[in-house]
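The residues making up each chain are set out below.
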Amino acid sequence: MTTTQLNAEVLRNMSIIAEDENLLKRAAKYLRKLVAEKEDATLFTKEEFFARVDEAKKGPMYELKEGETIEDLLNRI
């Protein structure tokens, strides 16, 4: 489905609920939630999460030695 078709569908559906104040309030609340998700860069899908994990596995790996602190590790790398 193209962006134009999606826009038309959204507008068509909005015209149907425009006569019901309660439905409009619910739609506005949901739209605010969608906008907040888009603006929050920390949110991503399950697939995106696992893709990031897989990508991170390709990089260098560091382990704490026995008795070593995080600060020691950071100084070592």
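Being a predicted model, the structure only gives us computed values, none of them experimental.

Draft legend 1. Here's a closer look at the side chain of Glu 68. Structurally, Glu 68 is set in the loop between helix 3 (46–57) and helix 4 (70–76). Only 2.8 Å separates the side chain of Glu 68 from the backbone nitrogen of Lys 65, close enough to count as a polar contact. Side chain to side chain, Glu 68 and Arg 76 meet in a polar contact 2.9 Å long. If sequence neighbours within four positions are ignored, Glu 68 has contacts with Glu 63, Leu 73 and Arg 76.

Draft legend 2. The arrangement of the pattern of salt bridges in detail. Tallied over the entire structure, the rule returns 3 salt bridges. In this structure, the salt-bridge partner of Lys 58 is Glu 55, at a minimum N-O distance of 3.4 Å. Close ionic contact of Glu 68 with Arg 76 constitutes a salt bridge, the shortest N to O distance being 2.9 Å. Given a relative accessible area of 16%, Glu 68 falls into the buried group. Residue classification places Arg 76 among the partly exposed positions, given a relative accessible area of 38%.

Draft legend 3. Expanded view of the environment of Thr 4. Position of Thr 4 among the secondary structure elements: in helix 1 (residues 3–17). As a C-alpha pair, Thr 4 and Lys 46 span 42 residues in sequence and 28 Å in three-dimensional space.

Draft legend 4. Structural detail: the packing of aromatic side chains. Across all of its chains, the model carries 2 aromatic pairs by this definition. Consider the rings of Phe 44 and Phe 49, whose centres lie 6.1 Å apart with planes at 10°: the pair is stacked. Here the aromatic rings of Phe 49 and Phe 50 are separated by 5.1 Å at their centres, their planes lie at 80°, and the arrangement is edge-to-face. With a relative accessible area of 42%, Phe 50 lands in the partly exposed category. Three or more aromatic residues joined by ring pairs make a cluster, and in this case those are Phe 44, Phe 49 and Phe 50. Just above the ring of Phe 44 sits the side chain of Arg 52; from NZ or CZ to the centre is 4.1 Å.

The rules behind the values
- Residues numbered from 1 in each chain as written.
- Predicted model: local features only at pLDDT ≥ 70, side-chain atom pairs only at ≥ 80, totals over all residues.
- Heavy atoms only, no water.
- Helix = DSSP H or I, 4+ residues; strand = E, 2+ residues; numbered from the N terminus.
- Polar contact = N/O pair within 3.5 Å; in protein donor to acceptor, adjacent residues only side chain to side chain.
- Contact = heavy atoms within 4.5 Å.
- Salt bridge = Lys/Arg side-chain N within 4 Å of Asp/Glu carboxyl O.
- Buried < 20%, exposed > 50% of the residue type's maximum accessible area, 1.4 Å probe, protein only.
- Phe/Tyr/Trp six-rings, centres within 6.5 Å; stacked < 30°, edge-to-face > 60°.
- Lys NZ or Arg CZ within 6 Å of the ring centre and 35° of its normal.

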